[in-house]
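# A look at the structure
Here is how the chains run, residue by residue.
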Amino acid sequence: MCGIVGIVSKDNSNVVCDIINGLEKLEYRGYDSAGLAVIDSTGLRRLRAVGKLENLVNKLKINPIYGTIGIGHTRWATHGKATEENAHPMVTKDVALVHNGIIENYKELKADLSQKGYEFTSQTDSEVVAVYLQMELDNGLRPREAFRKMLQAVRGTYAFLAIFKAQPDIIFCARNKSPIAVGFGKYMSIGSDVGSISANCSEIVYMDDGDYAEVTKDGAKFFDNGFSTIDKPRVAVTDDLVNLGKGEYSHYMIKEIMEQPSAIRKTLLGNEVPKEFFDKISRILILACGTSYHAGLVGKYWFEKYLKLPTHVEIASEYRYRSPVIEDNTLVLVITQSGETIDTLEAMEYVRKNNNTCCLAAISNVLNSAISRSADFVFHTEAGVEVGVASTKAFTAQLTVLAKLAFCKNPELLNQLQNLPMACESSLLLKEDIDKLSCRIKDCANAIYLGRDNLYPIALEGALKLKEVSYIHAEGFAAGEMKHGPIALIDDVVPVICLCPSGSMFDKMFSNIQVAQARGKNIIVFTDSMGGKSFDESVEKIVLPSINQELCPILYSIPLQLLAYTVTVLKGEDVDKPRNLAKSVTVE
Ligand code: AGP
C-alpha cells in the first residue's frame, strides 16, 4: 500500500537521487505524498511533499539535501489525511522512520507516550513508532536495542526502515506481512519490491515475516524474531523482475494491454498441470480480490463444466470473518497479481489454520511474494512486472492458467488455447474502433455492462476497469438479471455495453439486448462475425475474431480494457495512478 526505499552508499556518494529513482518505481503503490530523510554532517535531514513524487523532486531542486545513508517513502493514506504532516518519514530528534502497514496497538502506545510527555505532529500510527524509538533512546538504549525493544512492543503489519543519528552507518529494517527486499550491488539497497532497487543490484534477499535486518555499506545481517542471526538465500536479479519502463508507450496500462498476447503465450508454455493434481480433490475454493476475484468467477464455470468439481469463489476480505465451513480435500486456489494482498494472504492462512487436508495453490504473478512463498503449489502467470494500477495482462494470464487447469482432461480445448495469442493480437487491432466508441462514453456519468454465462464475470471486470481509472460509475450485470430490477437504469443516454459472441448463449443474450434496445439508445455490442449478422445499425457493433466460446472470457476482456484506457485518457485522468488507489493492497 505504501512504498519504502533505503540506501547506504559504498563510496560516501549522495544517495538522494537513487532514493528518488527507487520511489519512482514504487509510486504505483501509493501517491498521496512522498518524502525522504538522510543523515549528513549536521544530523537528520528530511524533506516531504503532498501529492505525487514530482512535488518532492521540485522541492529538492529548491532545497537540495545530501547524505550517504537515507530512507524514502511514497504514501497511500490509511491513518490521517494526505497532508505534509502525515507524510513519511516520521522524524524525532534522533530517529527517522518509514513504514508500510498498520500498527494495531498504536492508540495504547500513543497514550502511554503522551503520558510520558512526548508530543506528536501527525495523525498517523507510524509516528508512534518513531516516538517510541526516541523514548527508548532517551532511556539510554543504543539504536539496536531500541529497535529490538520496539519490535517487541508493536502489534500489526509493517515494513519498517529506520535510521538513527547516533548510528549513521546502519539502516534497521523489519518485516511483518508487508514486503521488503534487500539488494546487493553497486550499493546496499532496501525496497518494497525488487523493481524499486533492481537497477543497481545483482542479488536480492526477500525478508520473511518476523525477520529483522541491519544493513550497512558492507552488506546485511539478518535476524529472526528472537534476534538470533539467520542466513537468508540470495536470488539473482533477472530481467523479468525488473520494471523496464514504458518504452514507446505513453502509459504503463496501454503497454501492458499490448503485451497480453506474449504474456498469454509465455503462460501457456509454462504451468504444466501435474497428472495427479486433482486426484484427491473433491471440491475447489477460490479466494481472491478485485480483478483476481473476477478471474476466479470465470474459473468456476470452467471447473464445474469440465472437471465436475463443485467450485466456490469467495471475496477474500469477507471469507475468514463469516466462520466458513472448510471441507476436507478442498483445493484452495488463491489468485493474485501482486502476491501481497493481505486480504487474500490472511484468508489463505485462515484455511491453513483450520483444515490441514486442503491443498493451498496460488496463481501469482510475483514468484517470491508472500502468497507464492506460503502456497503448497504455485502457478506463475508469466505476465512480467505489471505496474499500471488497473490489472490487465495479469488478469488474462490468470485466466490462461485457470483454463489450463480446467481443460487438463480435455485435449481438444487445450489445443484451442494455442489459438489465443493470435486472436488477442487481432483484437488489439480494434483499438481505432474502440477509440471512436470512447468518445461516446467519456462524458457519461454511468455505464452498464452485460454478459451471460462465462462472460458475466467479464461484464463485472469491464465495469471495474472503467470505474477504477475513469471514475465513471459502471456496473456489471448478468444480462438475465436486468428484468429483475436493474433495467430501470436504462435510458437514452446510459451506454449499455453487451458481450454477445455467437455460441450456445447467443439467442438468450440477443433477446436480453433487444429488451435493452427497446428502452435505450446507447447500446454497444461486442460480438463476432457470425453474431454481428443479427444486429441492425441501431446498435454500435465491435466485431472480434471468432474463437471457441469457452475462450471468450479471455478474448473479450481486451477490448474492455482498451475502452477503459481510452475513455480515461480522453478525460485527462491519470490512467496509471488513479486517485485513492494503489497497486497492491497490503493493509486490510
Ligand atoms: C485490479 O484492476 C484492481 N486494481 C484490484 O482490484 C486488484 O485486482 C486487487 O486489489 C487484487 O490484487 P492482487 O491481484 O494483487 O491480489
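Preceding block: the structure.
Residues numbered from 1 in each chain as written. Predicted model: local features only at pLDDT ≥ 70, side-chain atom pairs only at ≥ 80, totals over all residues. Heavy atoms only, no water.

## With respect to the overall build of the protein chain
Broken down by element type, the protein chain carries 19 helices and 25 strands. At 25 Å, the protein chain has a C-alpha radius of gyration in line with the 25 Å of a compact globule built from 588 residues. Considering only C-alpha atoms, the protein chain reaches an extent of 80 × 55 × 45 Å along its principal axes. Counting all 588 residues of the protein chain, 61% fall into the buried class. Accessible surface, the protein chain as shown: approximately 22600 Å² in total, 50% of it carbon and sulfur. (Helix = DSSP H or I, 4+ residues; strand = E, 2+ residues; numbered from the N terminus. Rg over C-alpha atoms; globule rule 2.2 N^0.38 Å. Buried < 20%, exposed > 50% of the residue type's maximum accessible area, 1.4 Å probe, protein only. Areas by Shrake-Rupley, 256 points an atom, 1.4 Å probe, with all protein chains shown as cover.)

## Some words on the packing of helix 12 (residues 393-406) against helix 19 (residues 552-571)
Between helix 12 and helix 19, whose axes approach to 10 Å, the crossing angle comes to 175°. It follows from the interaxial angle that helix 12 and helix 19 lie roughly antiparallel. Here Phe395, Thr396, Leu399 and Thr400 of helix 12 lie close against helix 19, whose contacting residues are Pro553, Ile554, Ser557 and Gln561. In terms of residue class, the contact of helix 12 with helix 19 is built from 4 nonpolar, 4 polar and no charged. (Axes fitted to C-alpha atoms, helices over the stretch in contact; angles between N-to-C directions. Parallel < 35°, antiparallel > 145°, perpendicular 65-115°, else oblique. Contact = heavy atoms within 4.5 Å. Nonpolar A, V, L, I, M, F, W, Y, C, P; charged D, E, K, R; others polar.)

## Re the sheet that holds strand 3 (residues 43-50)
Pairing is antiparallel across the open sheet formed by 8 strands, whose spatial order is 3-2-4-1-10-9-11-15. Two strands lie at the open edges of the sheet, namely strand 3 and strand 15 (235-236), each paired on one side alone. Bridging between strand 11 (residues 201-206) and strand 15 involves 2 bridges; their strand directions are antiparallel. Counted as the bridge partner of Glu203 is Ala236 from strand 15. Packing against the sheet, helix 1 (residues 16-26) makes contact with strand 1 (3-8), strand 2 (33-40) and strand 4 (69-75), and its axis sits at approximately 155° to strand 1. (Pairing = 2+ DSSP bridges.)

## Regarding the pairing of strand 9 (residues 181-185)
For strand 9, the tally of buried residues reaches 4 of 5 residues, placing the bulk of the element in the interior. In this sheet, strand 10 (residues 188-191) lies alongside strand 9 in antiparallel orientation, the contact comprising 3 bridges. By the bridge assignment, Val182 is partnered in strand 10 with Ile190. The antiparallel hairpin formed by strand 9 and strand 10 contains 2 residues in its connecting segment. Relative to strand 11, strand 9 is paired through 5 bridges, and the arrangement is antiparallel. The residue of strand 11 that forms the bridge with Gly183 is Ile204.

## Some remarks on the site of the ligand
For the ligand, the set of nearby residues contains 14 residues, the closest of which are Ser292, Gln337, Ser338, Thr341 and Glu468. Side-chain polar atom of Lys465 to an oxygen atom of the ligand: 2.9 Å apart, as the coordinates give it. At the level of elements, helix 8 (290-306) and helix 16 (456-470) are the ones that each hand at least two residues to the shell around the ligand. When residues in the shell around the ligand are grouped by element, the largest group, 3 residues, is from helix 8. (Near = heavy atom within 4 Å. Polar contact = N/O pair within 3.5 Å; in protein donor to acceptor, adjacent residues only side chain to side chain.)

## Looking at unusual backbone geometry
At the junction of His88 and Pro89, the peptide bond is cis and its omega measures out at 0° in the coordinates. Structurally, the position occupied by Pro89 is in the loop between strand 4 and strand 5 (90-91). Look at Tyr471: it is not a glycine, yet its phi comes out positive at around 70°. Mapping Tyr471 onto the fold places it in the loop between helix 16 and strand 22 (473-478).

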